[in-house]
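Architecture at a glance
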Amino acid sequence: MKRRLVIASVLLIILLLFCFFHVRGSELTGIASISEEYTATVMKQPASLTEKEVQYSLNDRQITAMRDLFLETTFTRRLSSGFSYTGPKDEYVITLELTGADGKQLDFFHIFCVGNQYCQISAPYYNLNLNLNIHDPNWQDALERILSDDFS
């Protein structure tokens, strides 16, 4: 009986750790509320030093596709804010902002991504500050399709 209790306790701890570290995009507070009412900009710093930084202003379709990309992605929570990666990677700074008719900021997301590997999401209105690993090898390609407005 005691052995079963120990095994059940260990399994419960493993399950809780998995739930803490495994993060679905739909679990990210506030991401689902992003709509066409937001203004969105993406600053892309190409991995190549010969290419210049590019800034994109997203339209309504692109904002919706960006939200859906985050909602459909699976992440793993990182305990440290530091990260390392191999080889040159494109970096993206995504800013999503909602302002009221009076010009007052109502909501704000700041997202920093490196290639298909790393993502940091900050949303002060939701008390959200996460450092995440991205678990989708096609994530950067999907982001590039959104930026080029070439998706269906």
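Predicted, not measured: the structure shown is a model, and the values here were computed from it.

1. Re a nonpolar patch on the surface
A cluster of nonpolar side chains, V6, I7, V10, L11 and I14, forms an exposed patch at the surface whose accessible area comes to about 450 Å². Mapped onto the elements of the fold, L11 is located in helix α1 (residues 2-21).

2. Some remarks on the packing of aromatic side chains
Across all of its chains, the model carries 4 aromatic pairs by this definition. Aromatic side chains F112 and Y118 sit 6.4 Å apart centroid to centroid with 65° between the ring planes, which places their arrangement in the edge-to-face category. Each of the two residues, F112 as well as Y118, counts as buried. One aromatic cluster in this structure is built from F70, F75 and W139.

3. Quick notes on the confidence of the model for the protein
Predicted confidence across the protein gives a mean pLDDT of 86, with 94% of residues reaching 70 or more. Put simply, strand β8 (residues 128-134) is where the protein has its lowest mean pLDDT, 84, and strand β3 (residues 54-57) is where it has its highest, 93.

4. Regarding the side chain of Q140
The topology assignment puts Q140 in helix α3 (residues 139-147). Q140 has contacts with D90, Y92, G115 and N116, leaving out every residue within four places of it along the chain.

5. Some points on the pairing of strand β6 (residues 105-114)
Remember that side chains alternate between the two faces of the sheet whenever the strand is regular. Both strand β5 (residues 91-99) and β6 contribute to a ladder of 9 bridges, which runs antiparallel. Following the sheet pairing, L98 is matched in β6 by D107. Hairpin geometry of β5 and β6 is characterised by an intervening segment of 5 residues between the two adjacent antiparallel strands and by a positive phi of about 85° at G103. For β6 and strand β7 (residues 118-123), the ladder comprises 5 bridges, and the chain directions are antiparallel. Counted as the bridge partner of H110 is S122 from β7. Between β6 and β7, which pair antiparallel one after the other, the connecting turn spans 3 residues, and G115 there sits at a positive phi close to 50°.

Procedures and definitions
Residues numbered from 1 in each chain as written. Predicted model: local features only at pLDDT ≥ 70, side-chain atom pairs only at ≥ 80, totals over all residues. Heavy atoms only, no water. Patch = residues over 30% accessible without salt bridge, like charges linked within 9 Å, V, L, I, M, F, W, Y side chains within 5 Å. Areas by Shrake-Rupley, 256 points an atom, 1.4 Å probe, with all protein chains shown as cover. Salt bridge = Lys/Arg side-chain N within 4 Å of Asp/Glu carboxyl O. Helix = DSSP H or I, 4+ residues; strand = E, 2+ residues; numbered from the N terminus. Phe/Tyr/Trp six-rings, centres within 6.5 Å; stacked < 30°, edge-to-face > 60°. Buried < 20%, exposed > 50% of the residue type's maximum accessible area, 1.4 Å probe, protein only. pLDDT = per-residue confidence, 0-100. Contact = heavy atoms within 4.5 Å. Pairing = 2+ DSSP bridges.

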